[in-house]
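# Structural overview
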Amino acid sequence: MTMADCPNDLRYTDDHEYVRLDGDIATIGITEYAVNQLGDIVFVELPRVGTEVSQGKELGTIESVKAVAEFYAPIGGTVMECNTTLEESPELISDDPYGEGWFVKIRVNNSIELEKILSAEEYQNYLRE
């Protein structure tokens, strides 16, 4: 795994979600590592806009040819936007997990929660263990 696989401007969970914070809006998706573990993703179930989520709570599910997996909120807040393009094109998650393959955007309640999750370097170390 190279640094290119874990953008430095993101924070990561040990469940392989990432967060990109822009002001008080957090863009959330799954990491390239998670995509590789899941294989071909065929469906993603996203929360409704307006849903209140807490850090560490289930946000939705991802179905691949191998498994069904949950994904969790790396930070708490209110769901402001869902990437509905994924309903028709779930392959975007595999093709561009850190770009077009994002899942949801959340208005963050408490950015201090970000301190509880991993930097790119810490995530890389976690993957090596």
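Residues numbered from 1 in each chain as written. Predicted model: local features only at pLDDT ≥ 70, side-chain atom pairs only at ≥ 80, totals over all residues. Heavy atoms only, no water.

## Considering the layout of surface pockets
If you add up the space inside the largest pocket, you get close to 150 Å³. Looking at the largest pocket, it is lined by 13 residues, and the ones nearest its centre are Thr-13, Asp-14, Asp-15, Pro-74 and Ile-117. Residue classes in the lining of the largest pocket are distributed as 6 nonpolar, 3 polar and 4 charged. (1 Å grid on protein atoms, 1.4 Å probe; cavity = no way out; pocket = protein on both sides within 12 Å on 5 of 7 lines; lining within 4 Å. Points joined across faces, edges and corners; volume = space filled by probe spheres on them. Nonpolar A, V, L, I, M, F, W, Y, C, P; charged D, E, K, R; others polar.)

## Structural notes on the sheet that holds strand 1 (residues 11–12)
In sheet architecture, strand pairing relies on hydrogen bonds along the backbone and comes in two forms, parallel and antiparallel. Read from one edge to the other, the open sheet built from 6 strands follows the order 1-2-3-9-8-5, with strand pairing classed as antiparallel. Each edge of the sheet is formed by a strand with only one pairing partner; in this case those strands are strand 1 and strand 5 (52–53). As paired elements, strand 1 and strand 2 (residues 17–22) share 2 bridges and run antiparallel to each other. For Arg-11, the partnering residue across the bridge sits in strand 2 and is Val-19. (Pairing = 2+ DSSP bridges. Helix = DSSP H or I, 4+ residues; strand = E, 2+ residues; numbered from the N terminus.)

## Section: a negative patch on the surface
A surface patch of negative charge is lined by Glu-45, Glu-58, Glu-63 and Glu-70. By secondary structure assignment, the location of Glu-58 is in strand 6 (residues 58–64). (Patch = residues over 30% accessible without salt bridge, like charges linked within 9 Å, V, L, I, M, F, W, Y side chains within 5 Å. Areas by Shrake-Rupley, 256 points an atom, 1.4 Å probe, with all protein chains shown as cover. Salt bridge = Lys/Arg side-chain N within 4 Å of Asp/Glu carboxyl O. Lys, Arg positive; Asp, Glu negative; His and termini not counted. Charge placed at Lys NZ, Arg CZ, Asp CG, Glu CD.)

## Here's the deal with the environment of Thr-85
Among the secondary structure elements, Thr-85 is positioned in helix 2 (residues 85–88). When its relative accessible area of 43% is taken as the criterion, Thr-85 is described as partly exposed. Taking C-alpha positions, Thr-85 is 21 Å from Asp-22, a pair spaced 63 residues apart along the chain. (Buried < 20%, exposed > 50% of the residue type's maximum accessible area, 1.4 Å probe, protein only.)

## Here we look at the UniProt feature "modified residue: N6-lipoyllysine" (unreviewed entry) in the protein
UniProt's entry tags Lys-66 with the feature "modified residue: N6-lipoyllysine" (unreviewed entry), counted in the numbering of this structure. By the secondary structure assignment, Lys-66 is in the loop between strand 6 and strand 7 (68–72). Setting aside residues no more than four positions away along its own chain, Lys-66 makes contact with Asn-36, Gln-37, Leu-38 and Gly-39. Here Gln-37 takes part through its backbone oxygen, which lies 3.4 Å from a polar atom of the side chain of Lys-66. (UniProt positions renumbered as here; feature names shortened; annotations may be inferred. Contact = heavy atoms within 4.5 Å. Polar contact = N/O pair within 3.5 Å; in protein donor to acceptor, adjacent residues only side chain to side chain.)

## Comments concerning the packing of aromatic side chains
If you walk through the whole model with that rule in mind, you get 4 aromatic pairs. Summarising the aromatic geometry, the rings of Tyr-18 and Tyr-98 are spaced 5.1 Å apart at their centres and angled 50 degrees between planes, so their arrangement reads as tilted. Of the two residues, Tyr-18 is situated in strand 2 and Tyr-98 in the loop between helix 3 (91–95) and strand 9 (104–108); the sequence distance between them amounts to 80 residues. Tyr-18 gets classed as buried once you look at its relative accessible area, which sits at 0%. Measuring from ring centre to ring centre gives 4.6 Å for Phe-71 and Phe-103, while their planes differ by 65 degrees; the resulting arrangement is edge-to-face. Of this pair, Phe-71 sits in strand 7 while Phe-103 sits in the loop between helix 3 and strand 9, placing them 32 residues apart in sequence. (Phe/Tyr/Trp six-rings, centres within 6.5 Å; stacked < 30°, edge-to-face > 60°.)

## Description of helix 4 (residues 120–128)
Restricting attention to buried positions, one finds in helix 4 the residues Ala-120, Tyr-123, Gln-124 and Leu-127. On an axial view of helix 4, the arc spanned by its buried residues comes to 100 degrees, and they lie on one face. For helix 4, the exposed residues set more than 90 degrees away from the buried face come down to Glu-121 and Arg-128. The inward-facing, buried residues of helix 4 contact strand 1 and helix 1 (32–38). (Arc of directions from axis to C-beta.)

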